[in-house]
Structure formats: C-alpha cells, structure tokens
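Structural overview
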Amino acid sequence: MRQTASSVEPGREAESKTAPGPLLLLGAPGVGKGTQAKELVKLWGIPQISTGDLLRANVAQGTPLGKTAKEIIGRGELVPDEMVNEMVALRLLEPDTVRGYILDGFPRTLGQADWLDARLAAQPESLPVVAVMIRVNYNQLLRRITGRRNCPVCQRIYNIHVNPPQRDGICDLDGAALIQRADDTEEIFKERMRAYEAQTAPVVEHYRGKGRFAEVDGDRPIDVIAAGIVATVEGMRKA
Ligand code: AMP
C-alpha cells in the first residue's frame, strides 16, 4: 500500500488510531472525489457509502424501492428523503460501519442532513458527521474536463494539457482515434457546476454552521490530498 505524506501508516490505522467516524466527502464534478474516496477506504479500512450506487443496485435488483426510484433517477430528480434515509439506515446497520464510513452523495438535502444528525446523536457510540470539501479552482477544473480525451478501445484517459498522447488525438497503446465525451464540454460543465453548487450549498452551510466543515486543496498529488483529508478530519475530531 502506498505511503502518504502524513503520519498515517496505512493498514495499522484501522487497528490503532482513533476511529475516523462518519465523513461526508464533497466536491464539484471533476475534482477527484471518487479517487479520494478510494484512497481513504484503503487508508482507514472503512467503507464508502454512495447513495447513487445503493439506489442503482436497488433498481438492478428490482426491489420495491428500486422500482419507484428508477423513474425519478431517470428524470434526474432527487429520490424523496424518507426513501433514501431508510435505505441509508439499513446500510448503517452493517457491522463494517462501526469505525466510520465515507458518505458519497448523501446527505444531499437539509432534510437528510437533519435526519442523519438526529440519528447519530441518538446513538451514544456514534461520532457526528464531519464534512470535507475538495476544492479545485474553477478554471483548473474546466481545463481538466474540457481537456479530457478517451480511447474508445482501451478506455485510457488522456488530458491534452497535462497528460497528452504522444501523437495528437491518437491512443499511445492501440493507435485508436481518441474521442471527447459529449458531456465534457464547457457548456455542459458550466451547467453541471451550477446544479452542483445549488444542491450542495445548503448542505455545506448546515455543516459549517455546526463547526463541522472544512476544505482541502484538491490541486495537488493524489496521496498529498488524501493525507490532507486525514489530517483535517483528525483535527476536527479533536476540536
Ligand atoms: P449519483 O450517482 O450520486 O449522481 O446519484 C444518481 C441519482 O440517484 C441522483 O441523480 C438522484 O436521482 C439519486 N440520488 C442519489 N443520492 C441521492 C440522495 N442522497 N437523495 C436523493 N436522491 C439521490
């Protein structure tokens, strides 16, 4: 396992250090939230709980929840709080959540945040949620997204600014012509950012108001960001 710049020793963390508790990871499209969630899962030995993934699994399995959620998700709307909360409640009963978990895509509304806070407060053994936002400068994000090119054959991802192929527009590995995903344009990026900010702002304010919100700089190497998140969470837990 990779060593990070922090004092964290991967693998041992799970046994010896204080439990990280519930962490809500926030970040705009393209900041590398998924990558960081994976790093933290490895470092802390705790699960990632993504309500989008759980909902998709329910849809795939054809559960009653999945049947109702399918159309709502298809319309790009939010699934009602009570349904998502109940799904999360069930997931939190699993023993792998005892030391903590990384929340991804939940809470997404104030109703969900209040429900989770109340639930955790009612359990003396549970720590409260801390929220960490991975922040990347807008123009930097735009460059990352609009510069992205994918190989349709081997799926390798390039970036014409920071990680270009050797020959313009051609995959190094198999010579296929690289493509740009239809939603990796500036216009769609702006739209996704607007939607993200509108949706996330109330949740950010909720945790900021409770003194359980922090930001980390996402424009650094992957392991440095992960170490920054670990240090930030530890700092908030001690405060
Ligand atoms: P995601 O993979 O997080 O983008 O979620 C995909 C879709 O699942 C969203 O567009 C919503 O329809 C639904 N969804 C995921 N998480 C939530 C949530 N916390 N509250 C309501 N709907 C959600």
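Residues numbered from 1 in each chain as written. Predicted model: local features only at pLDDT ≥ 70, side-chain atom pairs only at ≥ 80, totals over all residues. Heavy atoms only, no water.

The parallel open sheet is built from five strands, whose spatial order is β2-β3-β1-β4-β7. Edge positions in the sheet fall to β2 (48–50) and β7 (213–217), since each has one partner strand and no second. The sheet shows a mean angle of 25° between the axes of neighbouring strands, direction not considered. In this structure, strand β4 (residues 130–135) lies alongside β7, joined through five bridges in parallel fashion. Looking across to β7, one finds that Arg135 is bridged to Asp217. Strands β1 (21–27), β2, β3 (100–104) and β4 of the sheet are contacted by helix α2 (residues 33–44), whose axis makes an angle of about 160° with β1. (Pairing = 2+ DSSP bridges. Helix = DSSP H or I, 4+ residues; strand = E, 2+ residues; numbered from the N terminus. Axes fitted to C-alpha atoms, helices over the stretch in contact; angles between N-to-C directions. Contact = heavy atoms within 4.5 Å.)

Here we take up the environment of Val31. On the secondary structure map, Val31 appears in the loop between β1 and α2. Between the alpha carbons of Val31 and Ile145 there is a distance of 9.6 Å; along the sequence they are 114 residues apart. Once you skip the residues sitting within four places of it in the chain, Val31 turns out to touch Ile134, Val136, Leu141 and Arg144.

With 53 residues, the main nonpolar core has Leu23, Leu40 and Ile229 as its most contacted residues. Apart from residues no more than four positions distant in its own chain, Ile229 is found in contact with Leu23, Leu25, Gln36, Leu40, Val132, Ile134 and Val216. Membership of the second largest hydrophobic core comes to five residues, among which are Tyr158, Cys171, Ala176 and Leu178. (Core = buried A, V, L, I, M, F, W, Y, C linked by side-chain atoms within 4.5 Å. Buried < 20%, exposed > 50% of the residue type's maximum accessible area, 1.4 Å probe, protein only.)

Let us now look at unusual backbone geometry. Where the residue is not glycine, phi is negative for most of them; where a peptide bond is considered, it is trans in most cases. In this structure, Pro107 follows Phe106 across a cis peptide bond, with omega equal to -5°. Structurally, Pro107 can be placed in the loop between β3 and α6 (110–121). The phi dihedral of Gln155 falls on the positive side, at around 70°, and the residue is not glycine. Positionally, Gln155 belongs in the loop between β5 (148–150) and β6 (157–159). Residue class for Gln155 comes out exposed when judged on its relative accessible area of 55%.

Next up on the list: the packing of aromatic side chains. This model, assessed by the stated rule, comprises two aromatic pairs. A ring pair is formed by Phe106 and Trp115, whose centres lie 6.2 Å apart and whose planes are at 80°; its orientation type is edge-to-face. Take Trp115: its relative accessible area is 24%, and that puts it in the partly exposed class. Taking the centre distance of 5.4 Å and the plane angle of 55° together, the rings of Tyr138 and Phe189 count as tilted. With Tyr138 in helix α7 (residues 138–146) and Phe189 in helix α8 (residues 186–209), the pair connects residues that are 51 residues apart, well separated along the chain. (Phe/Tyr/Trp six-rings, centres within 6.5 Å; stacked < 30°, edge-to-face > 60°.)

Below, the discussion takes up the site of the ligand. Surrounding the ligand, one finds 13 residues, the nearest of these being Thr51, Glu77, Gly105, Arg108 and Gln112. Residue Arg56 places a side-chain N or O atom 3.0 Å away from an oxygen atom belonging to the ligand. Separating an oxygen atom of the ligand from a backbone N or O atom of Glu77 is a distance of 2.5 Å. Considered on its own, the ligand offers 480 Å² of accessible surface; in the complex 82% of this is hidden by protein. In terms of residues, the shell around the ligand owes the most to one element, helix α3 (residues 51–61), which gives four residues. Per-class residue counts for the shell around the ligand are six nonpolar, four polar and three charged. (Near = heavy atom within 4 Å. Polar contact = N/O pair within 3.5 Å; in protein donor to acceptor, adjacent residues only side chain to side chain. Areas by Shrake-Rupley, 256 points an atom, 1.4 Å probe, with all protein chains shown as cover. Nonpolar A, V, L, I, M, F, W, Y, C, P; charged D, E, K, R; others polar.)

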